[in-house]
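What follows is the residue order along each chain.
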Amino acid sequence: MSEQNSITLSIEGMTCASCVRRVERTLNAVPYVTSAAVNLASETAQILYDSPAEISGMIDALSDAGYPAIVQDVTLSIESMTCASCVGRVERKLSAQPGVIETQVNLATETATVRYVAGAVSPDELAKISTDLGYPAKVKVGDDATRTERKAAEIDRLGRLTLIAAILAFPVFLIEMGGHLIPAVHMWIEGSIGQQNSRLLQFVLTSVVLFGPGRHFYTKGFPLLLKGAPDMNSLVALGTSAAYGFSLVATFTPKLLPAGTDNVYFEAAAVIVVLILLGRFLEARAKGRTGEAIRKLIGLQAKTARVEREGSVIELSFEEITVGDVVHVKPGEKIAVDGEVLSGSSFVDESMITGEPVPVEKIKGSEVVGATVNGTGALIFRATKVGSDTMLAQIIQMVEQAQGAKLPIQGLVDKITAWFVPAVMVVAFMTVLTWLIFGPDPALSFALIAGVAVLIIACPCAMGLATPTSIMVGTGRAAEFGVLFRKGDALQMLQETRVVALDKTGTLTEGRPELIDLITTNGFDEDNVLRLVAAVEAQSEHPIAEAITRAAAQRGLTEGQIEGFSSITGYGVEAIVDGKHILVGADRLMMRENIELADLDETGEALGRKGRTPLYAAINGHIAAVLAVSDPIKSSTPAAIEALHGLGLSVAMITGDHQGTADVIASELGIDHVVAEVLPEGKVAALEALRERGKLAFVGDGINDAPALATADVGIAIGTGTDVAIEAADVVLMSGDLTGVVNAFDISARTMRNIRQNLFWAFSYNTLLIPVAAGVLYPAFGVLLSPILAAGAMALSSVFVLTNALRLRWVKAALQKDEPKRTRETDTLKPAIAG
């Protein structure tokens, strides 16, 4: 069985939805390629292929189709090479990497120059390959052009071409349109330079515009037209060539034309090129802003770190840090990479990663995350994950994958754009024919104007940009809220979801029991009872015992002298503490020992009805207290449940708890459906039953949640959970509460609404204006759309779609977690104990 692989290629030359369709067809036609999803906004193609396929074949196919993959060069500095065999070993290993076209290793300079396909492999990955082989390598700074730099260069180039074209086209527009609209200008031209000389001047300036700044339209458009695969460039090339060609005949051989039709349209050809270049310039600037989220995430990375090397601490760039390095962090500094604290203590602000506002305490053994900010203490930690393995790098990768996704709604666009450009050419031909047959004199002029206007206004750029730009901006903004869409189509699936199923432990609740109530009787002192009970429970490994001992430690209570500990299976525990006989257990233990519960019997039953687990403590044969332990509900959970209901969703809870306990929690939170007493392996069956109510999202955080996350229509993993759960999920929440679930649904709704707005505009624009350009309004109103106005409208449509998508950059989080006040109680996490 062949191995399935994936690769992302950066592609040049795509300008509209037709280009996207053509690139996808080209890639899908390559042997062993199973699927290709092309994103116009990010100018990339995500390709799935079986192992016999060769990336070189994909690159060749793209080049033949007129959409070459972007090829870049990088120079690596390589250490430890001593002979020609070392050179050959490094060269062979690098050359074998998918996406590498050519490798040249130089022993004298200790460098490797690698030519590779952008997107297929990164410079850091190439350096890692050499390092893993035993030849430490790093990227030479300044030799690799990043995508941001490339986009900036493209924006500068388009801006320069637009300015040059506008300066040259302005006199042409002024002479021709000024002469038509203002009689005095026409008379001045006739009396000064003459009509023929004015046409010759227009010819020279227009020729420079078309074959200078506008040359790309023809070098790209006509070859594709001859291949039978026209794109937007073909439409522009045909339209402007028709106007330019007709003007040449009218200028140099006017007798070949019918009387009264020898008009020139140089200004139409020149201004169309200017407006389309302007549109592309504005598009490039807007598309550059769609990747703002990725740039912000990359900007979080610390640039340097202080690392122990050969007995001293030196400053290195974060790229030079390797696994096992010991890193020193001063107060207020950014942590460079992920690691484990070796010494020191501090509070670290992890809000940029988790969304949690309160700094997290770090001591020996704690894990630290790259890009987070150290507080007032100093830390020394060992690097455990560097480069592409760090949490920040994984987040960036998830965002990039989601931004490159293709939603099901895009299928409609693909089907339409597959035939759109050829259909437009047919409509333009029929328009010209209709005007020639039925149009008034001069019919040829009318036919040319209408035909060119149809070709220019029908460009499907807006259609191609409508969906991917919204996805890029929406998923990027979601990442800033701590919501990561691992799979882009989850954006659309969330909008079709009707039921949200929540795992209880660790999702609705904190995930560990806490002592909630301690009620004493007969004059017993709270602290003394808790101290004695904790001493007994410290001998047990039960989670409830841990909750009691933790509460005593938080109060600063010291354990007493214990002897004679024994566990009474099914009942509880007993021991002698400081000479006192202590019993701790369920009510049946007290009944067995003939200890009267007195009023605490009713108190315990009341606590049980609240979903808490009551335990009784007796000292020297007398009932002393009832303790209630429970897994506390997260503070953000009630507001999140209410917000989900506000979104029209039905909320279900799946838990292994007893039905009575589950019902109490559900009633307290307002949960609609309860599925209780479910074993871990039964969660999938529970989800299948809930799915009868509609499409289903499941939220969980544990290893045993992975099958359920994969089974649900949309799996949402709490980011504080396990790697297994995260891998099985469609959406990952970096914070440990349900606030992110609400924000995920909200940003999904906003993004899909934005996509529908864009698609409505794009389709309406083409549906309404193509007939207008063809002249449907002329018989009734005498209105015929100028090709210049058509070019302006076409450029405006793409800019409108991009601008609308960029509105998502300023979306606010639907539900924000309030930052708790820092008090002595919150710092010590003292449990709420009722007296």
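Along each chain, residues carry numbers from 1 onward, in the same order as the chain's sequence is written. Only residues with pLDDT of 70 or above have their local features reported here, since the model is predicted, and side-chain atom pairs are shown and tallied only from 80 upward, although totals for entire chains, interfaces and linings are computed over all residues. To get the side-chain values, all heavy atoms of the structure are used, and hydrogens and water are removed first.

The name given to the protein chain in an unreviewed UniProt entry is Heavy metal translocating P-type ATPase, with Aliiroseovarius salicola as the source organism.

(A) Layout of the overall build of the protein chain. Where helices and strands are cited, they refer to DSSP runs of H or I of at least four residues and of E of at least two residues respectively, numbered from the N terminus. In terms of helices and strands, the protein chain carries 31 helices and 29 strands. Throughout this description, buried means an accessible area under 20% of the type-specific maximum (1.4 Å probe, protein chains only), exposed means over 50%, and partly exposed covers the range between. Scored against the burial criterion, the 835 residues of the protein chain give a buried share of 51%. Expressed as a percentage of contacts within the protein chain between residues at least 6 apart in sequence, the contacts between residues at least 24 apart total 69%. Any two residues whose heavy atoms approach within 4.5 Å are treated as being in contact.

(B) Structural context of the pattern of salt bridges. We define a salt bridge as a contact between a side-chain nitrogen of Lys or Arg and a carboxyl oxygen of Asp or Glu at a distance within 4 Å. Inspection of every chain in the model, using the stated rule, returns 17 salt bridges. We note a salt bridge from Glu320 to Lys138, for which the minimum N-O separation is 3.1 Å. On the criterion of sequence distance, the pair formed by Glu320 in the loop between strand E9 (312-317) and strand E10 (326-329) and Lys138 in strand E7 (residues 137-139) is long-range, its members being 182 residues apart. For Glu320, a relative accessible area of 27% corresponds to the partly exposed category. Judged by relative accessible area, which is 40%, Lys138 ranks as partly exposed. One salt bridge in this structure joins Arg612 and Asp517, with 2.5 Å as the shortest N-O distance. Of this pair, Arg612 sits in the loop between helix H22 (600-609) and strand E23 (613-619) while Asp517 sits in strand E19 (residues 514-520), and the two are 95 residues apart along the sequence. Connected through salt bridges with shared partners, the residues Glu526, Asp527 and Arg555 form a single ionic network.

(C) Geometry of the packing of helix H15 (residues 443-457) against helix H30 (residues 787-806). Running from amino to carboxyl end, H15 crosses H30 at an angle of 5°, the nearest separation of the two axes being 8 Å. As the angle between them shows, H15 and H30 are arranged roughly parallel. Between H15 and H30, the residues in contact are Ile449, Val452, Ala453, Ile456 and Ile457 and Pro787, Ala790, Ala791, Ala793 and Met794, respectively. Residue polarity follows a fixed list, in which Ala, Val, Leu, Ile, Met, Phe, Trp, Tyr, Cys and Pro are nonpolar, Asp, Glu, Lys and Arg are charged, and the others, Gly among them, are polar. Grouping the constituent residues of the contact of H15 with H30 by class yields 10 nonpolar, no polar and no charged. Here an angle of 0 to 180 degrees is reported between the N-to-C directions of two axes, which are lines fitted to C-alpha atoms, with helices fitted over the stretch in contact. Any angle that is under 35 degrees is reported as roughly parallel, and any over 145 degrees as roughly antiparallel; angles of 65 to 115 degrees are reported as roughly perpendicular and all others as oblique.

(D) The nonpolar core, seen in detail. For our purposes a nonpolar core is just a set of buried Ala, Val, Leu, Ile, Met, Phe, Trp, Tyr and Cys residues, chained together by side-chain atoms within 4.5 Å. Membership of the largest hydrophobic core comes to 144 residues, with the highest contact counts inside it found for Ile47, Met58, Ile276, Phe485, Ile716, Val731 and Phe745. Discounting chain neighbours no more than four positions away, the residues touching Ile716 are Leu494, Ala697, Phe698, Val699, Gly700, Leu709, Ala729, Val731, Leu733, Val741 and Phe745.

(E) Spatial organisation of a negative patch on the surface. Exposure above 30% relative accessible area and no salt bridge define the residues that can form patches, which grow by joining like charges within 9 Å and nonpolar side chains of Val, Leu, Ile, Met, Phe, Trp and Tyr within 5 Å. Accessible surface is estimated by sampling points in the Shrake-Rupley manner with a 1.4 Å probe; for residues, cover comes only from the protein chains shown. This count recognises Lys and Arg as positive and Asp and Glu as negative, with His and chain-terminal groups excluded. To locate a charge, take NZ of a lysine, CZ of an arginine, CG of an aspartate or CD of a glutamate. Taken together, Asp587, Asp599, Asp601, Glu602 and Glu605 make up a surface patch of like negative charges. Turning to its location among the elements, Asp601 is positioned in helix H22. Asp601 gets classed as partly exposed once you look at its relative accessible area, which sits at 30%.

(F) Highlighting the sheet that holds strand E28 (residues 714-718). Only strands joined by at least two bridges in the DSSP assignment are considered to pair. One open sheet accounts for seven strands, arranged E17-E29-E28-E27-E18-E25-E26; its pairing is mixed. If you trace the sheet from one side to the other, it starts and ends with strand E17 (483-485) and strand E26 (673-675), each paired once. Going from strand to strand, the sheet's axes swing by 20° on average, the running direction of each strand aside. Judged from the five bridges that link them, strand E18 (residues 497-503) and strand E27 (residues 695-700) form a sheet pairing that is parallel. Its bridge partner being in E27, Ala501 is matched across the sheet by Phe698.

(G) Broad picture of the UniProt feature "transmembrane region" (unreviewed entry) in the protein chain. UniProt positions are given in the numbering used here, feature names are shortened, and annotations may be inferred rather than shown by experiment. Sequence positions flagged by UniProt for "transmembrane region" (unreviewed entry) are, in local numbering, residues 161-188, 200-218, 230-252, 264-282, 416-438, 444-467, 759-778 and 784-806. Annotated as 89% helix and 0% strand, the span residues 264-282 places its first and last C-alpha atoms 30 Å apart. Secondary structure content for residues 759-778 is 85% helix and 0% strand, while the C-alpha to C-alpha distance between its ends is 28 Å.

(H) Seen up close, helix H1 (residues 17-28). Helices are assigned an expected span. That span is 1.5 Å times one less than the residue count. Along its 12 residues, H1 runs 17 Å from first to last C-alpha, staying within 8% of the 16 Å computed at 1.5 Å per residue. Among the residues of H1, those classed as buried are Ala17, Ser18, Cys19, Val20, Arg22, Val23, Glu24, Thr26 and Leu27.

(I) Focus on a nonpolar patch on the surface. On the surface, a cluster of nonpolar side chains totalling about 740 Å² of accessible area is made up of Val426, Phe429, Met430, Leu433, Leu436, Ile437 and Phe438. One can find Met430 in helix H14 (residues 410-438). What makes Met430 partly exposed here is its relative accessible area of 43%.

(J) Representation of unusual backbone geometry within the structure. Going from Asp441 to Pro442, the amide bond is cis rather than trans, its omega being -10°. One non-glycine residue, Tyr32, lies in positive phi territory at about 75°. Tracing the chain through its elements places Tyr32 in the loop between H1 and strand E2 (33-39). With relative accessibility at 48%, the residue Tyr32 sits in the partly exposed group. Look at Glu310: it is not a glycine, yet its phi comes out positive at around 55°. Position of Glu310 among the secondary structure elements: in the loop between strand E8 (304-309) and E9.

(K) The packing of aromatic side chains, seen in detail. For Phe, Tyr and Trp, rings pair up if their centres lie within 6.5 Å, where Trp contributes its six-membered ring, and each pair is then called stacked (planes under 30 degrees apart), edge-to-face (over 60) or tilted (otherwise). Across all of its chains, the model carries 11 aromatic pairs by this definition. Ring centres of Trp435 and Tyr778 lie 5.3 Å apart, and the angle between their planes is 70°; on these two criteria the pair is classed as edge-to-face. In this pair, Trp435 sits in helix H14 while Tyr778 sits in helix H29 (residues 778-781), placing the two residues 343 residues apart along the sequence. Exposure remark for Tyr778: the relative accessible area of 24% places this residue in the partly exposed category. Ring geometry for Phe446 against Tyr778: centres 5.3 Å apart, planes inclined by 55°, an arrangement best described as tilted. In this pair, Phe446 is assigned in helix H15 and Tyr778 in helix H29, connecting sequence segments 332 residues apart. Residue classification places Phe446 among the buried positions, given a relative accessible area of 18%. The rings of Phe203, Phe211, Tyr218, Phe222, Tyr244, Phe252 and Phe266 are connected pair by pair, giving a single aromatic cluster. Charge-over-ring contacts are defined here by two conditions on Lys NZ or Arg CZ: a distance within 6 Å of the ring centre and an angle within 35 degrees of the ring normal. For the cation-ring pair, Arg592 lies above Tyr571, with the distance from its terminal atom to the ring centre recorded as 5.1 Å.

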